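Listed below are the residues making up each chain.
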There are 2 protein chains.
Amino acid sequence: NNEGKFICVGLDTDIKKIPQKIKSSPDSIFKFNKEIIERTVDSAAAYKINFAFYEKYGPEGYELLKRTIDIIPDDLITIGDAKRGDIGNTSTMYADSIFNFFSCDATTINPYMGEDSVKPFLEFKDRIIFILALTSNPGANNFEKVKLENGNYLYQEVISKIKEWNSFNNCGVVFGATQIEELKNNLTLINNLPVLLPGVGAQGGSLEEVVQCFKQANRINFLINISRGIIYKSSGDDFGAMAAEELNTLNTKVKKEMKM
Amino acid sequence: NNEGKFICVGLDTDIKKIPQKIKSSPDSIFKFNKEIIERTVDSAAAYKINFAFYEKYGPEGYELLKRTIDIIPDDLITIGDAKRGDIGNTSTMYADSIFNFFSCDATTINPYMGEDSVKPFLEFKDRIIFILALTSNPGANNFEKVKLENGNYLYQEVISKIKEWNSFNNCGVVFGATQIEELKNNLTLINNLPVLLPGVGAQGGSLEEVVQCFKQANRINFLINISRGIIYKSSGDDFGAMAAEELNTLNTKVKKEMKM
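Here's what I pulled together on the structure shown here.

Cut-offs used in this document
- Residues numbered from 1 in each chain as written.
- Chains lettered and ligands numbered in written order.
- Predicted model: local features only at pLDDT ≥ 70, side-chain atom pairs only at ≥ 80, totals over all residues.
- Heavy atoms only, no water.
- Helix = DSSP H or I, 4+ residues; strand = E, 2+ residues; numbered from the N terminus.
- Rg over C-alpha atoms; globule rule 2.2 N^0.38 Å.
- Contact = heavy atoms within 4.5 Å.
- Areas by Shrake-Rupley, 256 points an atom, 1.4 Å probe, with all protein chains shown as cover.
- Lys, Arg positive; Asp, Glu negative; His and termini not counted.
- Charge placed at Lys NZ, Arg CZ, Asp CG, Glu CD.
- Pairing = 2+ DSSP bridges.
- Axes fitted to C-alpha atoms, helices over the stretch in contact; angles between N-to-C directions.
- Least-squares fit on C-alpha atoms with pLDDT ≥ 70 in both.
- Salt bridge = Lys/Arg side-chain N within 4 Å of Asp/Glu carboxyl O.
- Polar contact = N/O pair within 3.5 Å; in protein donor to acceptor, adjacent residues only side chain to side chain.
- Nonpolar A, V, L, I, M, F, W, Y, C, P; charged D, E, K, R; others polar.
- Buried < 20%, exposed > 50% of the residue type's maximum accessible area, 1.4 Å probe, protein only.
- Disulfide = S-S within 2.5 Å.
- Phe/Tyr/Trp six-rings, centres within 6.5 Å; stacked < 30°, edge-to-face > 60°.
- Parallel < 35°, antiparallel > 145°, perpendicular 65-115°, else oblique.
- Left-handed = near helix turned anticlockwise from the far one by under 90°.
- Expected span 1.5 Å × (residues − 1).

### Observations concerning the overall build of chain A
Turning to step 1, where the next piece is worked out: In terms of regular secondary structure, chain A is built from 11 helices and 8 strands.
Turning to step 2, where the next piece is worked out: Rg of the C-alpha trace for chain A: 18 Å, near the compact-globule value of 18 Å for 260 residues, within the 12% margin.
Turning to step 3, where the next piece is worked out: Seen along its three principal axes, the alpha-carbon backbone of chain A occupies a region of about 55 × 45 × 35 Å.
Turning to step 4, where the next piece is worked out: Considering only contacts within chain A whose residues lie at least 6 apart along the sequence, 71% involve residues at least 24 apart.
Turning to step 5, where the next piece is worked out: If you sum the accessible surface of chain A, you get close to 9600 Å²; carbon and sulfur atoms cover 47% of it.
Turning to step 6, where the next piece is worked out: Of the side chains in chain A, 30 bear a positive and 34 a negative charge, and the two mean positions are spaced by 4 Å.

Rendered as structure tokens:
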């Protein structure tokens, strides 16, 4: 992590939620993202871009996605939040899309289909592959938290496999900020894998509790993603300034908890 | 199923594998797909389009994907093979992309994140949502085939949940054709859910064995996907004719096994 920055700004840009003034332009999502990025670039640790919000517009959406990624400065991590995963030859294509076409520095992937679905991503040794372990949503109870015959929960089995797959030292873990007890209890298992934490804010996770977990474990390799809580802080024309102010407030909170 | 057709043609179109003659054009993937579709349209039960093969070209790839879907006649099922899945508000966007923008009749989704990641797809009551249960690839052993405390395998737990989620009668199951013993043993559990079976051909699954399974269970609601085995049957300019011939051969084999 660079200079005590732990907050990742999630660019989950929804045309329904952006200010009326810029909404008129067909290019409004890009304009919105550009202002958010320009205003937050000195205070953000990373940007996470949720592919779904762009794919719904088809080719035009992919154009906006590409242009947004292109204006994020190179020294900031760009996480392509795409949650892909398929058989080997198909995952190779997905990795090609995310890492070569879109030039993301990191991505999120879904481990359900196992090792050969993950491996093509790991071939990109200079990127970070955040693999879903325990997610922030209620549905995490259905399968991720199901107990296995060996006594582990499925998400723990996934974390153990991620450690096996980490020979290029480019794996990370997605762990929901809403799962605070599980986070505490699994930091030893997670060991030195970087952790991407969605779920603070709109989904109910507590920033302070997450930071305390890492602080107490004496660990700094984590990123807390906040999307709606930052980018829609204001629904007026001051959305950029308010996003920047909110990010600074969040950074101050993190630093206080970390006693930095 | 319509008129004893069970073969789904997989449009996993890879520019490296299409004939030299049409490869020169930037539009070559669309031209290739168009000829395959025109030649096979009377004999195919469905077309499955693998999003990964198009996404790697960014906006241009999405344009090709859209144009390909648009030329598939309305009476044939178009399966958008995208294997998406995310928290509720994001899955809503993915469903919007696949069902509204790309107008697919069906899709494949990944169940790892559980109920709220699946539900937005199920809202599309007139589509078919094929949910990954047991996939055809070696990595299926890592998690899908892991044994749970309750004695089930994870993929069986997924199938049970799919049945709970099927209140609009629009759920289906993805089951690898390479998993023939498991298929036999789980047809009762799968019950009347339609089954999409990838893995015949390049991945090693046997067409005859799969068909025998369904025949013996007196079931016809299945689709066998074959991609490489049909579309790359010939690497020459006769690829369209050869694809049609191969599809007809496969249809004859299926009818023989089904004694239709």
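### So, the sheet that holds strand β2 (residues 46-50) of chain B
Residues and elements named next belong to chain B.
Turning to step 1, where the next piece is worked out: With parallel pairing, 8 strands are arranged side by side around a closed barrel as β1-β2-β3-β4-β5-β6-β7-β8. Across the sheet, the mean angle separating the axes of adjacent strands is 30 degrees when strand polarity is ignored.
Turning to step 2, where the next piece is worked out: Relative to the sheet, helix α5 (residues 88-101) contacts β3 (77-84), β4 (106-109) and β5 (128-134), its axis offset from that of β4 by approximately 145 degrees.

### Brief notes about the sheet that holds strand β1 (residues 7-10) of chain A
Residues and elements named next belong to chain A.
Turning to step 1, where the next piece is worked out: Spatially, the 8 strands close up into a barrel ordered β1-β2-β3-β4-β5-β6-β7-β8, and their pairing is parallel. With direction set aside, neighbouring strand axes in the sheet form an average angle of 30 degrees.
Turning to step 2, where the next piece is worked out: By the bridge criterion, 4 bridges tie strand β4 (residues 106-109) to strand β5 (residues 128-134) in an arrangement that is parallel. Paired with I109 across the bridge in β5 is I131.
Turning to step 3, where the next piece is worked out: Where helix α11 (residues 239-258) meets the sheet, it contacts β1 and β8 (222-226), and its direction lies at approximately 155 degrees from that of β1.

### Section: the relation of the copies chain B and chain A
Turning to step 1, where the next piece is worked out: Overlaying chain B on chain A yields an RMSD of 0.0 Å, the required transformation being a rotation through 180 degrees with an accompanying axial translation of 0.0 Å. The symmetry that links the two subunits is that of a two-fold axis.
Turning to step 2, where the next piece is worked out: When the interface residues of chain B are mapped onto chain A, 100% of them are again interface residues, pointing to one common binding face.

### Some details on the interface of chain B and chain A
When the parts of a complex come together, some accessible area is lost, and that lost area is often used as the size of the interface.
Turning to step 1, where the next piece is worked out: Residue-level contacts link 57 residues of chain B with 57 residues of chain A.
Turning to step 2, where the next piece is worked out: Viewed at the interface, chain A and chain B are joined by 6 salt bridges.
Turning to step 3, where the next piece is worked out: Salt-bridge contacts for D96 of chain B lead to K56 of chain A; the nearest nitrogen and oxygen are separated by 3.5 Å.
Turning to step 4, where the next piece is worked out: Linking chain B with chain A are 29 residue pairs in polar contact (both at pLDDT 80 or more).
Turning to step 5, where the next piece is worked out: Secondary-structure elements contributing two or more residues to the side of chain B that touches chain A are α3 (52-55), α4 (59-70), β3, α5, α6 (115-122), β5 and α7 (154-164) of chain B.
Turning to step 6, where the next piece is worked out: The element that contributes the greatest number of residues to the side of chain B that touches chain A is α5 of chain B, accounting for 7 residues.
Turning to step 7, where the next piece is worked out: Its residues placed into classes, the side of chain B that touches chain A shows 26 nonpolar, 14 polar and 17 charged.

### Looking at the pairing of strand β2 (residues 46-50) of chain A
Residues and elements named next belong to chain A.
Turning to step 1, where the next piece is worked out: The buried fraction of β2 amounts to 5 of the 5 residues, a majority that puts the element mostly inside the structure.
Turning to step 2, where the next piece is worked out: Residue alternation in β2 divides its side chains into two sets, A46, K48 and N50 and Y47 and I49, and both sets are buried.
Turning to step 3, where the next piece is worked out: Where β1 meets β2, 3 bridges bridge the pair, whose relative direction is parallel. Looking at the pairing, G10 lines up with K48 of β2.

### Digging into the pattern of salt bridges
Turning to step 1, where the next piece is worked out: Under the criterion given, the structure shown has 32 salt bridges over all chains.
Turning to step 2, where the next piece is worked out: K83 of chain B is the partner of D81 of chain B in a salt bridge, and the nearest nitrogen-oxygen pair spans 2.8 Å.
Turning to step 3, where the next piece is worked out: D81 of chain B gets classed as buried once you look at its relative accessible area, which sits at 2%.
Turning to step 4, where the next piece is worked out: One salt-bridge network, in which partners are shared between bridges, spans K48, D81 and K83 of chain A together with D86 of chain B.

### What about the side chain of Q156 of chain A?
Turning to step 1, where the next piece is worked out: Structurally, the position occupied by Q156 of chain A is in helix α7 (residues 154-164).
Turning to step 2, where the next piece is worked out: With residues up to four places along the chain from it excluded, the contact list for Q156 of chain A reads N186 and L189 of chain A.

### Things to note about the state of the cysteines
Turning to step 1, where the next piece is worked out: Inspection of every chain in the model, using the stated rule, returns 0 disulfides over all chains.
Turning to step 2, where the next piece is worked out: In this structure C104 of chain A is not part of a disulfide, and its nearest cysteine sulfur, from C8 of chain A, lies 12 Å away.
Turning to step 3, where the next piece is worked out: Owing to a relative accessible area of 1%, C104 of chain A belongs among the buried residues under this scheme.
Turning to step 4, where the next piece is worked out: Among the cysteines around C171 of chain B, which has no disulfide bond, C104 of chain B carries the closest sulfur, lying 17 Å off.
Turning to step 5, where the next piece is worked out: In this structure C171 of chain B comes out as buried when scored by relative accessible area, which is 1%.

### So, the packing of aromatic side chains
All names here are of chain A.
Turning to step 1, where the next piece is worked out: Taken as a whole, this structure holds 25 aromatic pairs over all chains when the rule is applied.
Turning to step 2, where the next piece is worked out: For the ring pair F99 and F124, a centre distance of 4.8 Å and an interplane angle of 45 degrees mean the geometry is tilted. Of this pair, F99 sits in helix α5 (residues 88-101) while F124 sits in the loop between α6 (115-122) and β5, placing them 25 residues apart in sequence.
Turning to step 3, where the next piece is worked out: Relative to F222, the ring of F214 has its centre 4.2 Å away and its plane inclined at 20 degrees; by these criteria the two rings are stacked.
Turning to step 4, where the next piece is worked out: You can call F214 buried: its relative accessible area is 0%.

### Some points on the packing of helix α2 (residues 28-40) of chain B against helix α11 (residues 239-258) of chain B
All names here are of chain B.
Turning to step 1, where the next piece is worked out: Running from N to C, α2 and α11 point in directions that differ by 40 degrees, and their axes come no closer than 8 Å. One finds that α2 runs oblique with respect to α11. As α2 runs across α11, the sense of the crossing is right-handed. Side by side, α2 and α11 meet where F32, E35, I36, R39 and T40 of the first sit next to F239, G240, A241, A243, A244 and L247 of the second.

### Considerations on the pairing of β2 of chain B
Turning to step 1, where the next piece is worked out: Note: β2 of chain B against β3 of chain B, 5 bridges, orientation parallel. Paired with A46 of chain B across the bridge in β3 of chain B is I77 of chain B.

### Some points on α5 of chain B
Residues and elements named next belong to chain B.
Turning to step 1, where the next piece is worked out: A rise of 1.5 Å per residue sets the reference length of α5, with its 14 residues, at 20 Å; its end C-alpha atoms lie 19 Å apart and thus fit the reference within 8%.
Turning to step 2, where the next piece is worked out: For α5, every residue scored as buried is listed here: T90, S91, M93, Y94, A95, D96, S97, I98 and F99.
Turning to step 3, where the next piece is worked out: Count one or two residues on from α5 and you reach S103, which has phi positive near 55 degrees.

All quantities given are derived from atomic positions and should not be read as evidence of function.
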